Amino acid sequence: MSRITAPPRTLRLYGDLERPVDLTVAQLRRWPAQRAEVVFDCATNGAQRHVFTGPLLRDVAAEAHPAFDVHRRKDRSRFLIAVFGGDGHRSVLSWPEIDAEFGNSPVLLATTLDGRPLDAEGSQLVVPGDACGARYVSAITSIWVGAYLPPDR
Ligand SMILES: Nc1nc2c(c(=O)[nH]1)N[C@H]1C(S)=C(S)[C@@H](COP(=O)(O)O)O[C@H]1N2
Ligand SMILES: [Mo]
């Protein structure tokens, strides 16, 4: 048994949140896990089929208390989500895309990929509705949640 193991990757949930938090993959297992069997296409690698498990992004993000009035759909509809990978790859989602009263997309923060725990490399975003794999951001280092306002508004 090796004593030298990589420290677990931590994901920083920050932005317009009342309770920003740093989470390891182990801590992501506190939420109920869903299972997603997905197929997506990659421009360089072709079609890929994978099985992911993990909590819903909206459940994890909700516990960080985004700074909107949770009872007002119009207020929730303003928020964006940016997901960053360790290699600089990043993608955006919107809050209404994953909100149960809007697009209701079952986006996951994976804790396993094809049965393999992701503790060392970090969580991966799972966007089951996407035909393309680009938003399946792996080795997530941070997630920003907030109401972006273009500079000219
Ligand atoms: N961190 C990170 N995640 C990423 C990417 C990347 O370059 N960096 N590529 C995306 C793309 S384009 C695809 S198709 C899927 C699967 O890519 P893979 O086959 O290289 O794993 O991961 C996505 N997640
Ligand atoms: Mo890709």
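The shown structure was predicted, so the numbers you read here are calculated from the model rather than taken from an experiment.

1. Things to note about the side chain of Ser-105
Counting through the fold element by element, Ser-105 comes out in the loop between helix H4 (95–98) and strand S7 (108–110). Residue classification places Ser-105 among the buried residues on the basis of a relative accessible area of 15%. In this structure Ser-105 touches Arg-58, Glu-97 and Ile-98, once residues within four positions along its chain are discounted.

2. Overview of the nonpolar core
Counting residues in each nonpolar core, the largest one holds 36 residues, and the members touching the most others are Leu-57, Ile-81, Leu-109, Leu-125 and Ile-143. Elements that contribute at least two residues to this core include exactly strand S1 (10–15), strand S3 (34–42), helix H2 (57–63), strand S5 (80–85), H4, S7, strand S10 (124–126) and strand S11 (140–146). Each residue touching Ile-143, except ones within four places of it in the same chain, is listed here: Leu-11, Arg-12, Leu-13, Tyr-14, Leu-57, Ile-81, Ala-82, Val-83 and Leu-109.

3. Brief notes about the sheet that holds S5
Ordered in space as S2-S1-S11-S5-S6, the five strands form an open sheet in which the pairing is mixed. Edge positions in the sheet fall to strand S2 (21–24) and strand S6 (90–94), since each of these pairs with one other strand and no more. Direction aside, neighbouring strands of the sheet carry axes that sit 20° apart on average. Relative to S2, S1 is paired through four bridges, and the arrangement is antiparallel.

4. Comments concerning the pairing of S11
Buried residues dominate S11, accounting for five of its seven residues. When S1 meets S11, the two strands line up parallel, connected through four bridges. Bridged to Gly-15 within S11 is Val-145. Bridge count between S5 and S11: six bridges; the pairing is antiparallel. When the bridges of S11 are listed, Ile-81 appears paired with Val-145.

5. Focus: the environment of Leu-13
Positionally, Leu-13 belongs in strand S1. Between the alpha carbons of Leu-13 and Trp-31 there is a distance of 15 Å; along the sequence they are 18 residues apart.

Rules used throughout
- Residues numbered from 1 in each chain as written.
- Chains lettered and ligands numbered in written order.
- Predicted model: local features only at pLDDT ≥ 70, side-chain atom pairs only at ≥ 80, totals over all residues.
- Heavy atoms only, no water.
- Helix = DSSP H or I, 4+ residues; strand = E, 2+ residues; numbered from the N terminus.
- Buried < 20%, exposed > 50% of the residue type's maximum accessible area, 1.4 Å probe, protein only.
- Contact = heavy atoms within 4.5 Å.
- Core = buried A, V, L, I, M, F, W, Y, C linked by side-chain atoms within 4.5 Å.
- Pairing = 2+ DSSP bridges.
- Axes fitted to C-alpha atoms, helices over the stretch in contact; angles between N-to-C directions.

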